[in-house]
Structures are given as structure tokens and as C-alpha cells.
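A closer look at the structure
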Amino acid sequence: MAESGRAPDPANMGVRSPNGGSKSSQGEEYEDIIHLEDEVFNPNMTSFKHENVEDLYELLEKLGSGHFGEVKKCKEKSTGTYYAGKFIKTRKCKGSRLGLDRDQVEREVFILQQLEHPNIMRLHDVFASKAEMVLILELIRGGELFDFIAEKEALSEEDAIEFLEQILKGVAYMHTRSIAHFDLKPENIMLLQKDVPHPKIKIIDFGLAQKIEDGTVFKSLCGTPQYIAPEVINYEPLGPPTDMWSIGVITYILLSGLSPFQGETDQETLTNVVAGSYEFDDRIFKQTSELAKDFIRQLLLKDPRDRMTAVECLIHPWIKPLNRKQAVNRSRSSINMKNFKKFNARRKWKLSYNMVSACNRLCRMKLLCNPMKDEEELFYSGDLLRPTSPLTERSNKTRRQCESDQEDEKTKPVTLLRRRLSSCS
Ligand code: AMP
């Protein structure tokens, strides 16, 4: 569910400068920090192509799947360059139960076209046919940041900050363009390559991102329970500060391997988020610097207006030490690797479990609707679901589809969110 409309005072959902200066002057002030480009639109990509994607690209192995369909590696025939092709099935008609709305995909494309930053996945090309849209994206080979970190024996705060700073630069850049991601979480923070001395962060998945125009209010029940801000659950206006809350959660997890608001159930998690109740358990945070805790405290604030902006984060002394003592503190403090590895293992398990549950739900639905056509099977191999059947692709779509269907109902937002959480997380 999302809505937008005119509002009397939209200003405070935007980006603040550290000294309280205006949003417009901030972009100029920090241009070098966040690497602003002159180009607003990707000059190499004009509009949707209508030819068959396979005429121009050779389709290779599958890289991943989402709510929408699949992502496949592909090779541009004319240049030999490799990309990632995101194949999104679109709805045949408004009432159709399968696929995404075309305008939803167009919005993702519109947003990606405006983003040209080293820490944000680039869009290269787009194709549209009657039933499908294909986004040709920069190929990101290094996997998820959290998986990369979980393989390490030890990591200092200083090392972790090298990644966090890149995430903040990407986020600061999109926020100065009035774009909020609204789904920042470990799964959407990847590495371009991992076998290099300083891996480069890439933020992916702009499927929930929105451009928040000046003077508009945007409300939505979107995101993932552990990472969503209180204003999402309360169905209040959202904006760049909503992303900053998620960054606070991600940093907390990165340092401790604990999720600050995680409850036994999604309902409990939501209650904790709304209450803003979390703590720094001394036993878990014993290797953590005071500056790191201060950084998190300034993000996990219930009032979005009180949170640091991405630009403010970039000049927080934990990220940019003001003196030698602060710098030394960062290199002596370390992340709780034992806990972090456990967190990451649980996270991966949960992702696989969710995928299997979604497929099983689809199987049941399919049997109910069409008992005579049960020719498809669910494949499960080891820890990971291997979605080798067309069924899986459909189940992914169904998950987002279910969300949309709920949204059509005239139900209270919080009830909708609860229902979404109990079915999808
Ligand atoms: P998304 O829904 O866009 O997050 O895509 C689903 C999955 O596909 C991700 O979790 C990644 O594993 C994979 N993926 C998406 N985009 C790319 C990309 N540009 N390069 C490599 N893999 C990708």
C-alpha cells in the first residue's frame, strides 16, 4: 500500500545538513564526499527496447531470484561484456494475480536511470515485451557483504567502516536526488568483486525505492520487519530518514551479530521497533568503541527528524576521526565475529526456509485451484532451495503478488502489515 499527496510541511523528511543548513546547499557542500555526477540520466540508456533480449544478449546461468522472477548472467553480443539480466513477469491485466504491475517496474527503471554512482548498481539497458520486462544491470560478482565478512576470522571496526562508508556514500547520493531505497538490508548490499584488496560496495534492488518529490507525502507498508523504521509500522510519512534507521540496524548487527529489535515473533519485533527499545548488552558489545555506539544511537531514534542524515553520518567522528586517539580506538575495537557468524548462518537459513514455505504455499494453492495439472515439483537441495522448476519462479512472484492483493483490500494498514509479516517473513 502506498499513497502520495500534497502535505503542508514536507521539509523535515528530507536531508538536513549538520549545522541545520538548507537541503539545497548541502549537495554542494558535500559534493566531493558523496561523489555527485553531472549526469542525471544514464546517457547510454534511452528507453525500453522492444526487440527480443536474446537477439542482443546471450543468456547464461542463473544468479539469483527475487519476488519478481529471476536474475541471469548474460553477455552482450556486440561487446562481449557480461551483465545481470533481471527478468520480471508483468501482469497481463489489472485483475491478474500473477506478475508485477508494469508501472511498478517502470518506476524502478526511472529511479535507476537517475542514479550514477560507484556504490549503486548501474542500469545498462531495458527491454519490454507484452508479458515481461528485462533490466540489464551491472554484473555484481562478489556476493553479499555479510557473507564476505562472515568468512573472516577477525575484523576491526576500522575495516567494517571501510564498507559502511561506501554504503553511506551511495545512500547520501540517492538522498540528495530525493530518492529513498526503503529496503536497505544485508541481502541488498553486495560487493562488485571480492578477491581484491578493497572490495567495492554496490547497493542493489530498487524495487521498493521511491522518488519523494518536494511537497509530497509518501506512506507505505513495505520492507522487512527487522530493518523497518517505526514510521513504516505506524503508517506515517516516509523519506530518507527511513533508510537511516535501517542503516542503524545494519550497523548494530554488523558490530554485534545481534538484531536490535528481533523478537520471538514478527509481532514482537514490530512492537520492539515501535517502542524503539533496544540496548547495548555489555557482554556482546565489550569489544565495541563508544563512538560506534554513539553512531548507532543517533540513527535508532524514533522521530525521523532527529536521526543523522547520510551526510552527517559521513562526518561523524566514528567514520571520520577528528584526532589520533579516535582513529586508534577504531582499529583496536573489533566486531563480535563469533556472534556475527551465527547471525549470518541463521539469516541464510531463514531466507531458504522462506523460499521453501512460499513454494509450498503455492503448491497448495495450485492444487486447490487446479488439481488435475500437478506436473511441477518442488526441488530442495541441502541448505538452499534450487528453484529449477518454473514453479519456483511463479512462487516468487506470488509472494509479492499476495502483498499487492492484500493492499487492494480496504483494511487497516497495521493489520495489513501484520498479515504481510506473518505470511512473508
Ligand atoms: P533483487 O530482487 O534485485 O535483489 O535480485 C534477487 C537476487 O538476484 C539478489 O539477491 C542477487 O543474488 C541477484 N542479483 C540481483 N542483481 C544482481 C546483479 N546486478 N548482479 C549479480 N546478481 C544480482
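Residues numbered from 1 in each chain as written. Predicted model: local features only at pLDDT ≥ 70, side-chain atom pairs only at ≥ 80, totals over all residues.

Before going further, it helps to spend a moment on the nonpolar core. Val134, Leu145, Ile167, Leu168 and Ala310 are the most contacted members of the largest nonpolar core, which totals 88 residues. At 10 residues, the largest contribution of residues to this core is made by helix H6 (residues 157-176). In terms of domain composition, this core takes at least three residues from each of domain 1 (10-39 + 142-339) and domain 2 (48-138). When near neighbours in sequence (up to four residues on either side) are disregarded, Leu168 contacts Ala310, Cys313 and Leu314. (Core = buried A, V, L, I, M, F, W, Y, C linked by C-beta atoms within 7 Å. Buried ≥ 20, exposed ≤ 12 C-beta atoms within 10 Å, placed from the backbone. Helix = DSSP H or I, 4+ residues; strand = E, 2+ residues; numbered from the N terminus. Domains from an automatic or database assignment. Contact = placed C-beta atoms within 7 Å.)

When the UniProt feature table is mapped onto this chain numbering, "binding site: ATP" (unreviewed entry) sits at Lys86. Along the chain, Lys86 turns up in strand E4 (residues 82-89). Beyond its immediate chain neighbours, meaning those up to four positions away, Lys86 contacts Val71, Val134, Leu135 and Leu137. (UniProt positions renumbered as here; feature names shortened; annotations may be inferred.)

Attention shifts here to the site of the ligand. Taken together, 16 residues surround the ligand, and among them Gly64, Gly66, Ala84, Ile140 and Asp205 come closest. Mapped onto the shell around the ligand, the elements with two or more residues apiece are strand E2 (57-65), E4 and strand E6 (132-138). With 3 residues, E2 is the single largest residue contributor to the shell around the ligand. Of the residues contributing to the shell around the ligand, the split by class is 8 nonpolar, 4 polar and 4 charged. When residues of the shell around the ligand are sorted by domain, at least three fall in each of domain 1 (10-39 + 142-339) and domain 2 (48-138). (Near = placed C-beta within 6 Å. Nonpolar A, V, L, I, M, F, W, Y, C, P; charged D, E, K, R; others polar.)

A word on the packing of H6 against helix H8 (residues 240-256). Interhelical geometry of H6 versus H8 gives an angle of 170° and a closest axis separation of 11 Å. Compared by their axis directions, H6 and H8 come out roughly antiparallel. Between H6 and H8, the contacting residues are Ala160, Leu164, Ile167, Val171 and His175 on the first element and Pro240, Asp243, Ile247, Thr251 and Leu254 on the second. Looking at the contact of H6 with H8 residue by residue, the classes come out as 7 nonpolar, 2 polar and 1 charged. (Axes fitted to C-alpha atoms, helices over the stretch in contact; angles between N-to-C directions. Parallel < 35°, antiparallel > 145°, perpendicular 65-115°, else oblique.)

The interhelical angle for the contact between H8 and helix H10 (residues 290-297), taken along N-to-C directions, is 150°, at an axis separation of 9 Å. One finds that H8 runs roughly antiparallel with respect to H10. You can see that H8 and H10 cross each other, and the crossing is left-handed. Here Gly248, Thr251, Tyr252 and Leu255 of H8 come into contact with H10, specifically with Ala292, Phe295 and Ile296. Taken together, the residues of the contact of H8 with H10 break down into 5 nonpolar, 2 polar and no charged. (Left-handed = near helix turned anticlockwise from the far one by under 90°.)

A few words now on the pairing of strand E3 (residues 69-76). Examined bridge by bridge, E2 and E3 share 6 bridges and lie antiparallel to one another. Considered in E3, the bridge of Tyr57 is made with Glu76. Where E2 folds back on E3, the antiparallel hairpin that results is connected by 3 residues. Note that E3 and E4 share 7 bridges and pair antiparallel. Looking at E4, one finds that Glu70 is bridged to Phe87. Turn length for the E3-E4 hairpin, with the two strands adjacent in sequence and antiparallel, is 5 residues, and the turn residue Gly80 shows positive phi of about 80°. (Pairing = 2+ DSSP bridges.)

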